[in-house]
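Observations on the model geometry
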Amino acid sequence: TRSLSITSAEKSFETAQGEKVTLPCTFVLSEEDEGPLDIEWVLIPADNQKKEQIIIMYAVDRIYNHYYAAMTGRMQFTNPDPRSGDGSLDILNLKSADTGTYQCKVKKAPGVQSQKIQLTVHVKPARTKCSIEGSQEIGKDVTLKCASQEGSPLLSYDWRRVSGTQELPATSVLNKNTGELLLKNASQDYSGTYNCVASNRVGTDECSVELNVTPPINTAGIIAGAIVGTLLGLCILAFLVFCCCKKHREKKYEKEVHHDIREDVPPPKSRSSTARSYIGSNRSSLGSMSPSNMEGYTKTPYSQVPSEDFERTAGQNPPFAPSKVAAPNLSRMGAVPVMIPAQSKDGSIV
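Residues numbered from 1 in each chain as written. Predicted model: local features only at pLDDT ≥ 70, side-chain atom pairs only at ≥ 80, totals over all residues. Heavy atoms only, no water.

**Focus on the side chain of Ser 152**
Inclusion rule: Each helix corresponds to a stretch of at least 4 residues labelled H or I by DSSP, and each strand to a stretch of at least 2 residues labelled E; elements are numbered beginning at the N terminus. Only protein chains enter the accessibility calculation, which uses a 1.4 Å probe; a residue is then buried when its area is under 20% of its type maximum, exposed when over 50%, and partly exposed in between. Throughout, a contact is declared for two residues whenever any of their heavy atoms are within 4.5 Å.
Within the secondary structure, Ser 152 is located in the loop between β13 (142-150) and β14 (156-161). Classification of Ser 152 as buried rests on a relative accessible area of 12%. Once residues within four sequence positions are removed from consideration, Ser 152 is found in contact with Val 121, His 122, Val 123 and Asn 200.

Take a look at the structure:
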């Protein structure tokens, strides 16, 4: 006897994220299958401990597609009327999380058949960047790097030269898994534009980099220039510090001198006023002396007055009149005897 059978044969699909996939499930009914038609699509989890998840179902001439929230609005039967023998499933806008094992179950009593399909959603390489590592000098080893920010493994990288001879240098070593291209003992002939292609099972992405191999830099001249510049800078800095310190000391000295000047200190007396006070004091002493107390007094010339500025000519000296007032005894008072000047008839002092 014949029974219900599934005719689709494909059991594995690989596609890219964001694309659409159709999981086939075609079937043929037999004359003995007289019960109602029931079609179910379920997602079998990788963990056997978890239960199968119904994602869409056709039963009693009606479609139910609200069982699996992760695919709501992204899945539908390929044929709006699965009774025609086509229960295939369309999944739109694929995501990497949609990867898994899907099973199609067709029931029409007494016939029952099922088929499993493996779906793998890959991410295309994207945001691929190229870079250069190492010194771009003649005789040095330089590495060209290539890496994609997105993309499902296993990614493969391939380098090619798009300028000059369009062939990779003979000393180059390529690692397709890491995307590194090592150029040993680089020469100026290695200069040019290099292109990297990152690829996986569902797509490719590219990037480019410009290599410019130059002669070695004169490091000795650079070091000498740096030393000279440093010494010059230190000299300028030392000069500025010296000027600042000198200016600070001058300001400090002016400030100290300014504070030492007091308004309550009287100005110094002039030498002429000192001489006048000295002569005045001697004149007062002369008037109190008597001739009897002047014998033991050592004569002091009148011209030896302790003053440098007080000098007069003989014609300018004022006449002194002899004192006739009797002076008290100075020896009893402890006074020092002083020679009394007298004026002669011709006007001179003796």
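Read on for the rest.
**Regarding the confidence of the model for the protein**
The condition that has to hold: What pLDDT reports is the predictor's confidence in each residue, on a scale of 0 through 100.
In this model, the protein carries a mean pLDDT of 79, and residues with pLDDT of at least 70 account for 71%. Note that pLDDT drops below 50 for residues 282-328; the model gives that stretch 52 contacts with residues more than four away or on any other chain. This stretch, residues 330-336, has a pLDDT under 50; its non-local contacts, to residues over four places away or in other chains, come to 6 contacts.

**A short note on the pattern of salt bridges**
How we decide: Throughout this description, the term salt bridge denotes a Lys or Arg side-chain nitrogen within 4 Å of a carboxyl oxygen of Asp or Glu.
All told, the structure shown has 12 salt bridges when counted by the stated rule. A salt bridge links Arg 127 to Glu 150; the nearest nitrogen and oxygen atoms lie 3.5 Å apart. Taken together, the residues span a long stretch of sequence, with Arg 127 in strand β12 (residues 126-133) and Glu 150 in strand β13 at a distance of 23 residues. Assessed through its relative accessible area of 54%, Arg 127 is described here as exposed. Overall, the relative accessible area of 35% leaves Glu 150 in the partly exposed class. Linking Glu 180 and Lys 145 is a salt bridge whose minimum nitrogen-to-oxygen distance equals 3.9 Å. Taken together, the residues span a long stretch of sequence, with Glu 180 in strand β16 (residues 180-183) and Lys 145 in strand β13 at a distance of 35 residues.

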